[in-house]
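Chain residues, written in single-letter form:
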Amino acid sequence: MSLKLKDKVCIVTGATSGMGKAIASSFSEQGAKLILSGRNLERGRALEALLQDSVFVDGDISKPETNQKLVDTAISHFGKLHIISLNAGILGLGNVMELPVSSWNHTMGTNLSSIFYLSKYALPHLLRHREGNILINASIAAFKSFPNHPAYCASKAASVALMKQMSVEYAPKIRVNAICPGPVDTPLLWDSAQAFENPDLAVENVKNTAPLKRLGTPEDVAKLALFLASNDSSWITGTAMTIDGGILNT
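On a predicted model such as this, the values are computed, not experimentally measured, just so you know.

### Focus on the overall build of the protein chain
Next, step 1: Counting its secondary structure elements, the protein chain contains 8 helices and 7 strands.
Next, step 2: Taken along its principal axes, the extent of the C-alpha atoms in the protein chain is 50 × 40 × 40 Å.
Next, step 3: Taking the intrachain contacts of the protein chain between residues at least 6 apart in sequence as the baseline, contacts between residues at least 24 apart amount to 70%.
Next, step 4: Put simply, the protein chain shows about 11600 Å² of open surface, and 54% of that area lies on carbon and sulfur atoms.

### Here we look at the state of the cysteines
Next, step 1: Taken as a whole, this structure holds 0 disulfides when the rule is applied.
Next, step 2: For the unlinked cysteine Cys153, the closest cysteine sulfur is that of Cys180, found at 12 Å.

### Digging into empty space enclosed by the protein
Next, step 1: Per the stated rule, a full pass over the model turns up 1 cavity of 30 Å³ or more.
Next, step 2: The calculated volume of the largest cavity comes to roughly 40 Å³.
Next, step 3: In terms of residue count, helix α4 (residues 101–126) provides more of the lining of the largest cavity than any other element does, 4 residues in total.
Next, step 4: Looking at the lining of the largest cavity residue by residue, the class counts come to 3 nonpolar, 6 polar and no charged.

### Focus: the sheet that holds strand β7 (residues 240–243)
Next, step 1: With parallel pairing, 7 strands are arranged side by side in an open sheet as β3-β2-β1-β4-β5-β6-β7. Each edge of the open sheet is held by one strand with a lone partner, namely β3 (54–58) and β7. Pairwise comparison of adjacent strand axes, ignoring direction, gives a mean angle of 15 degrees for this sheet.
Next, step 2: Sheet analysis places strand β6 (residues 174–181) next to β7, joined by 4 bridges and oriented parallel. Bridging from a neighbouring strand, Pro181 pairs with Ile243 of β7.

### Re the pattern of salt bridges
Side chains carrying opposite charge are able to pair once their charged atoms draw close together.
Next, step 1: The final tally for this structure, using the stated rule, is 7 salt bridges.
Next, step 2: For Glu131, the salt bridge goes to Lys8, with nearest N and O atoms at 2.6 Å. Placement of Glu131 in the loop between α4 and β5 (132–137) and of Lys8 in the segment before β1 (9–12) is noted, with a sequence separation of 123 residues between them.
Next, step 3: Between Lys207 and Glu204 there is a salt bridge; the shortest N-O distance is 3.4 Å. Here the residue Lys207 and the residue Glu204 both occupy positions in helix α7 (residues 199–209), the gap between them amounting to 3 residues, near one helical turn.
Next, step 4: The partly exposed category is assigned to Glu204, whose relative accessible area is 34%.
Next, step 5: Sharing partners across several salt bridges, the network here consists of Asp7, Lys33 and Asp53.

### Some remarks on the packing of helix α1 (residues 18–29) against helix α8 (residues 218–229)
Next, step 1: As a packed pair, α1 and α8 sit with axes 8 Å apart at the nearest point and diverge in direction by 50 degrees. Taken as axis vectors, α1 and α8 run oblique relative to one another. Handedness of the α1/α8 crossing: right-handed. Of α8, the residues touching α1 (which contributes Gly18, Met19, Ala22, Ile23, Ser26 and Phe27) are Pro218, Glu219, Val221, Ala222, Ala225, Leu226 and Ala229.

### Some points on the nonpolar core
Next, step 1: If you look at the biggest cluster of nonpolar residues, it comprises 29 residues, and the most contacted ones within it are Ile11, Leu81, Ile84, Ile134 and Ile136.
Next, step 2: Put simply, the parts of the chain that give this core at least two residues each are β1, β3, α3 (64–78), β4 (83–86), α4, β5, α5 (150–169) and β6.
Next, step 3: Among the elements that make up this core, the one with the highest residue count is α4 (5 residues).
Next, step 4: In this view, Ile11 contacts Ile35, Leu70, Val71, Ala74, Leu81, Ile83, Ile84, Ser85 and Leu118; residues no more than four positions away in its chain are not counted.

### Some words on unusual backbone geometry
Next, step 1: Of note, the bond from Ala171 into Pro172 is cis; its omega dihedral lies within 30 degrees of zero at 5 degrees.
Next, step 2: Unusually for a residue other than glycine, Asp7 sits at a positive phi of about 65 degrees.
Next, step 3: Within the element layout of this structure, Asp7 appears in the segment before β1.
Next, step 4: Even without being glycine, Asp53 reaches a positive phi, approximately 55 degrees.

### Points about the environment of Thr217
Next, step 1: Looking at the secondary structure, you find Thr217 in the loop between α7 and α8.
Next, step 2: Distance in space between the C-alpha atoms of Thr217 and Glu42 is 23 Å, their sequence separation being 175 residues.

Cut-offs used in this document
- Residues numbered from 1 in each chain as written.
- Predicted model: local features only at pLDDT ≥ 70, side-chain atom pairs only at ≥ 80, totals over all residues.
- Heavy atoms only, no water.
- Helix = DSSP H or I, 4+ residues; strand = E, 2+ residues; numbered from the N terminus.
- Contact = heavy atoms within 4.5 Å.
- Areas by Shrake-Rupley, 256 points an atom, 1.4 Å probe, with all protein chains shown as cover.
- Disulfide = S-S within 2.5 Å.
- 1 Å grid on protein atoms, 1.4 Å probe; cavity = no way out; pocket = protein on both sides within 12 Å on 5 of 7 lines; lining within 4 Å.
- Points joined across faces, edges and corners; volume = space filled by probe spheres on them.
- Nonpolar A, V, L, I, M, F, W, Y, C, P; charged D, E, K, R; others polar.
- Pairing = 2+ DSSP bridges.
- Axes fitted to C-alpha atoms, helices over the stretch in contact; angles between N-to-C directions.
- Salt bridge = Lys/Arg side-chain N within 4 Å of Asp/Glu carboxyl O.
- Buried < 20%, exposed > 50% of the residue type's maximum accessible area, 1.4 Å probe, protein only.
- Parallel < 35°, antiparallel > 145°, perpendicular 65-115°, else oblique.
- Left-handed = near helix turned anticlockwise from the far one by under 90°.
- Core = buried A, V, L, I, M, F, W, Y, C linked by side-chain atoms within 4.5 Å.

Below, the structure is given as structure tokens:
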């Protein structure tokens, strides 16, 4: 069986934990060459050692220069770039009255501006191929509101809007899609639960509310990411695909 991403050069942000790590591992198994991005140098170096044909670049993804460095590293190491998978995200918890302006700005920078920065610097290289691909890890928070998550919800909704705009702007050479996960069992989910009075109960309730009666796994999301990044989805663009165990239907 042929590898779905053989010799494709991919930048994966948020690669050192959770869904980003699962996506990086899945892409590697399918033959991709990877530029891995994250803030934790120790975890990044460990992942780099684990995944073949990968290079880790640490830095704050909310800064334009970090994104430029990722693209430059892809070109200097592999000579080309085909796919960017944007997974970095933070929460910025607190209601609008309580949330510090600095937290709002950092959340928007990490969750939204980083998509603009990396897309801006990557697009000239992606446009050299007729199979360029931008894949944004958004959230059902783009469509469903949660208490004490104003910055997170706003940033995810805006990321879906940006995805749709780019999908029109750069077609037919570039496909742009978004994944919108529901509650996936990652550290971010448990951090998010701190916005509720009883975090453990909040997670248990959301699991029981889902028609499929379980939390998602990073590997569930990685399977969808691989589908959207590969030619299996060659006639799909401008789409925000939910993967949430059916929660948005309840």
